[in-house]
Every structure is written in structure tokens, then in C-alpha cells.
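Working through the structure, step by step
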Amino acid sequence: MNQNLFTSFNVPVILGIPLVVLIILFPITLIMPSNKLINNRLSSLQQWLVQLTLKQMMMVHTNKGRTWSLMLLALISFIALNNLLGLTPYAFTPTTQLSMNLGMAIPLWAATVFMGLRFKTKASLAHFLPQGTPVPLIPMLIIIETISLFIQPMALAVRLTANITAGHLLMHLLGDTALTLMSIYMSSSTITIIIIILLITLELGVALIQAYVFTLLVSLYLHDNS
Amino acid sequence: MLSRVVLSATATAAPSLKNAAFLGPGVLQATRTFHTGQPHLAPVPPLPEYGGKVRHGLIPEEFFQYLYPKTGVTGPYVLGTGLILYALSKEIYVITGETITGLAVIGLYIFGIKKFGPSVAAFADKLNEQKLARLEEAKQASIKQIQDAVDMEKAQQALVQKRHYLFDVQRNNIALAMEVTYRERLHRVYKEVKNRLDYQISVQNMMRRKEQEHMINWVEKHVVQSISAQQEKETIAKCIADLKLLAKKAQAQPVM
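Figured I'd write up the structure that's included with this text.

Rules behind the numbers
- Residues numbered from 1 in each chain as written.
- Chains lettered and ligands numbered in written order.
- Predicted model: local features only at pLDDT ≥ 70, side-chain atom pairs only at ≥ 80, totals over all residues.
- Heavy atoms only, no water.
- Helix = DSSP H or I, 4+ residues; strand = E, 2+ residues; numbered from the N terminus.
- 1 Å grid on protein atoms, 1.4 Å probe; cavity = no way out; pocket = protein on both sides within 12 Å on 5 of 7 lines; lining within 4 Å.
- Points joined across faces, edges and corners; volume = space filled by probe spheres on them.
- Expected span 1.5 Å × (residues − 1).
- Bend = angle between axes of the 7 residues up to and from the residue.
- Phe/Tyr/Trp six-rings, centres within 6.5 Å; stacked < 30°, edge-to-face > 60°.
- Buried < 20%, exposed > 50% of the residue type's maximum accessible area, 1.4 Å probe, protein only.
- Lys NZ or Arg CZ within 6 Å of the ring centre and 35° of its normal.
- Core = buried A, V, L, I, M, F, W, Y, C linked by side-chain atoms within 4.5 Å.
- Contact = heavy atoms within 4.5 Å.
- Patch = residues over 30% accessible without salt bridge, like charges linked within 9 Å, V, L, I, M, F, W, Y side chains within 5 Å.
- Areas by Shrake-Rupley, 256 points an atom, 1.4 Å probe, with all protein chains shown as cover.
- Salt bridge = Lys/Arg side-chain N within 4 Å of Asp/Glu carboxyl O.
- Buried area = accessible area lost by both parts, 1.4 Å probe.
- Polar contact = N/O pair within 3.5 Å; in protein donor to acceptor, adjacent residues only side chain to side chain.
- Nonpolar A, V, L, I, M, F, W, Y, C, P; charged D, E, K, R; others polar.

A few words on unusual backbone geometry. Despite not being glycine, A:Tyr90 has its phi angle at roughly 65°, a positive value. Relative to the helices and strands, A:Tyr90 is located in the loop between helix H3 (69-85) and helix H4 (98-119).

Moving on: the layout of surface pockets. Residues and elements named next belong to chain A. Considering only enclosed or pocket space, the second largest pocket measures out at about 410 Å³ in volume. Contributing to the lining of the second largest pocket are 19 residues, with Val113, His127, Phe128, Leu149 and Gln152 lying nearest its centre. Looking at the lining of the second largest pocket, the elements with two or more residues in it are H4, helix H5 (121-126), helix H6 (138-182) and helix H7 (186-225). It is H6 that contributes the most residues to the lining of the second largest pocket, six residues altogether.

This part is about H6(A). The end-to-end C-alpha distance of H6(A), which contains 45 residues, comes to 62 Å, matching closely the 66 Å that a straight helix rising 1.5 Å per residue would cover. The sharpest bend along H6(A) measures roughly 40° and falls at A:Ile151, with the proline A:Pro153 sitting one to four residues further on.

This next bit is on the packing of aromatic side chains. What the rule picks out here adds up to five aromatic pairs over all chains. Summarising the aromatic geometry, the rings of A:Trp48 and B:Phe123 are spaced 4.7 Å apart at their centres and angled 75° between planes, so their arrangement reads as edge-to-face. Pair noted here: A:Trp48 is in helix H2 (residues 41-58) and B:Phe123 is in helix H5 (residues 97-161), and the two residues belong to different chains. Residue class for B:Phe123 comes out partly exposed when judged on its relative accessible area of 27%. Consider the rings of B:Phe64 and B:Tyr77, whose centres lie 5.6 Å apart with planes at 50°: the pair is tilted. Separated by 13 residues along the polypeptide, B:Phe64 in helix H3 (residues 61-71) and B:Tyr77 in helix H4 (residues 75-89) bring together distant segments of the chain. Since its relative accessible area comes to 36%, B:Tyr77 is described here as partly exposed. A:Lys64 extends its terminal NZ or CZ atom over the ring of A:Phe119, reaching a point 4.1 Å from the ring centre.

Attention now goes to the nonpolar core. A:Leu72, A:Leu75, A:Phe214 and A:Val218 are the most contacted members of the largest nonpolar core, which totals 29 residues. Elements supplying a minimum of two residues to this core: H2, H3, H4, H6 and H7 of chain A. Ranked by the residues each element gives to this core, the list is headed by H4(A), at eight residues. Look past the residues within four positions of A:Leu72 in its chain and what remains in contact with it is A:Met57, A:Met58, A:His61, A:Thr215, A:Val218, A:Ser219 and A:Leu222. Grouped together as the second largest cluster of nonpolar side chains are 11 residues, A:Leu174, B:Ile100, B:Ala104 and B:Leu108 included.

A separate point is a nonpolar patch on the surface. There is a patch of nonpolar side chains on the surface, built from A:Tyr90, B:Ile84, B:Leu85, B:Leu88, B:Tyr93 and B:Ile95 and spanning about 540 Å² of accessible area. Relative to the helices and strands, B:Ile84 is located in helix H4. With a relative accessible area of 54%, B:Ile84 lands in the exposed category.

A separate point is the interface of chain B and chain A. Each side of the interface is counted separately: chain B has 26 residues, and chain A has 29 residues. Of the roughly 2,400 Å² buried between chain B and chain A, counting both surfaces, carbon and sulfur atoms make up 73%. When the area that chain B buries against chain A is broken down by residue, the three leading residues are B:Glu98, B:Ile100 and B:Leu108, summing to 24%. Counting across the interface, chain B meets chain A through one salt bridge. In this structure, the salt-bridge partner of A:Arg41 is B:Asp125, at a minimum N-O distance of 3.0 Å. Applying the counting criterion to the chain B and chain A interface returns eight residue pairs in polar contact (both at pLDDT 80 or more). A breakdown of the residues in the side of chain B that touches chain A according to their chemical character gives 17 nonpolar, six polar and three charged.

See the structure below:
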């Protein structure tokens, strides 16, 4: 099944047909909007979660920034669901692929930068120089701030990729270890299984937190530039 | 509507030919009937309140009922065990490290659902209930408001029936006030007239007193004038003589 450790990160293709499209489209089928007043429990919980997240996220923005609500809400739902679904056994997680994360991070970051440059040119350029810097340091600081600006999309994408990939890798490694140890030392195999359980708990947290962090940072960039 | 348009067009085009046989297209369209069937989407059929029953959270109950006549209660379980053992022994399903991880994940999920399932379900039910309660409260508040308005209207109508008391009291008040004013005015008139008459009386009294005084003064003056010196001497001498006589009499009396 799995020849080496990294086969689970190969993009799934059956007879040349990329399944990854279906995999990316799958999480949306789990969200059920309905136009009834009283829904079943799952829909009620989803609605309540959406309301909570939206309120929490968009409170800090101005009216112009709030036009991004749908985008940010879709972003956090997408990343969170993809990460959580990737924890099931034999599942492929799209967010482990750097290509997808870059595809999410660069357009969003670029949109915030261009919005800031277009509507509030002076204020967005003023972000390059923090207040209260001594005069001799100004040229160096501007270069550093520019580099920091251009690193933002890379950081967003690579952060998400690295976290999720690292978690999945660790789980595979520990699973293999537990299997191999089962025929040698049963007790250490049990300990390894306990470690796996703890790790899965951590992974659940990481999945949600990464989604949150991604969206929060995009929201922060938006707030700076709106 | 189209059939009506066609009919009217044919009528205007050939007004003399009001014969029904010539109105071919209009008749054809008038005889074709539309919208006589029942609409399919309304009323919306009611949705079931609970989902289908499942056993072990995965397998529908209907599967067990389907196998029950042939294999009894243990049939599906034997089938499941056989399938799993077949897959394992023929290495259709290979046990790798992923199996251990998968078992751990699924075990954790089942543990989580068993432990937190009821409380989450109760929370979701509470959300729905809160929504319904809010709407119900709005409805009750609206009903109460309207009821209060109706009650106030009825009270106002009842008050209208008792309005004549108010009018009677007002009428009485006004009559009393008018009576008081009339009496006051009457009294004022009486006082004024009495004032005038008193004036006349006092004038008369004063005139009489003045006349009396004048007469007395005149009489006195003339009497004093009329007393001549001779009469005065004679009167005084007589008075002295009378006084001497009286003195003698007075002297004589206490002795006695």
C-alpha cells in the first residue's frame, strides 16, 4: 500500500484522472444551508458556528473591510474542514500541497496590498516606517519592512503546509513504529499507541488553529489596508 | 389571454363575419385548456422528524430486517465478520502503520461522540428552542398589545355611556354660578340705591339742624338785644332781693 513515508502526500490520480478536484470539492457537501426556520441539529450547530466566527472575525473591520466577510468565512471553513477531514485514515489532505496554499495566500495578500495602495496610498506606504525610529536607521528599516512585506504570502503558505505536513508525517511514523514494535515489545507498542492518541488530539487542535491563524492574518492585512 | 387576443383580432379584421365557423384559430385555441391540473409542489409534503434508524451508527436497520427471515438475528454479524476475515487473510486489506493510526483515530472519534454527543445535541436543541421562544414571545407580546388596545377601547365606550353625569354636574355648576352672580348684582343695586337715599336723608337732616341752630342763634341774639339796660338793672335788683329772701328763709329753716 504505502511504499515509503511520503506516498500519502502524492496527489491521488486514478488512471490519469486527477481525483484531487473531487477531494477539494468534497468538504462543501458537508455544509448544508437551509431556508427553514428550525433545522436539524447539525444544521443548527453549523449556523451557530458560522454566526459566532463571523461576528468574532469581522468586528474589527470597517465597512469597507466587511465586504470581505464572505471570502474570509469561506476561507476559514475550507481550511478547517480540509484539515479535519485529512485526519481520517487513508485520507488525502489538499492543504499539505504547497501549490494549493500558495494559490490561496498570494492572491489574498496581493489583494489587500493593492487595495491599500489604491485607496489609502499614504497610509499604506507609511506602514513601512514604524513610529519613533531614530533618523540614521531609516533607510535600513525601510528595506527590512519591504522584505517583511514580501515575505508575508510565503510565510502564510509555508506555515500552513509545514504544520499540516509535519503532523501527518509524525502520525505515519508513529503508526509504523507501533506496528513494528508489536511483534517485538508489546508494552512499548501500547505506549506508542497512547502517544498516537495524544498526537491526534494535538492534530485536531492544530488543524483548527492553523485555519484560524491563516484567516486571522489575512484579516489583519486587510485591516491595515482598508 | 392569447386566445382572447386572437378572437378580438379576428373580430376586428372581419367584422361582418361573426360566424363561429370562420373563427378557426380562435376556436382551436379557446378549446385547448390550460392550467387545469393540480400543482405538484404545493402543499409541500411534510418531512420526517427523525432520520432513519441505524445500528452501530453506520448500518441501517432495514439491512438487519432484510436478512432476518433467512439468517435470524446473528446473520448480519456473521456476514460482517466473514467479510473482514476474508479481506485480511487474502491481503485485500493490508495491515500497515496506517491501520494502527486509523484505529486510534476512529477509537478517539467514537470515544468523543459517546462522551460529548448528548451534551452537544442538547445544546443544538436549546438553540432551536431559543429561536422558537423568541418568536413566540414576539407573537405573545403582539397579541397582548392588541388585547390591551381592545380592552381600552371597550372601557372608553363604557365611559361614553356615563358621560351624562358629567354634563349634569356641569349644568348644575353653571346654574349655581349664575344664581350667585344674579344675587350679587341684586345686592349691589340695593346698596347703590340705599346709598343715594341715605345721602338725601343726611342732606335733609343737616339742613334741619342748620335751620335749628340758625333759629336758636337768631332768637338768642334778639332776646339779648331786646334786654335793655333798664330791664337788666331791674332784673338784677329783683334777683338780689329774691336771693336775700331765700337766704333768710334758708337761715330760718335749719334753725327750726
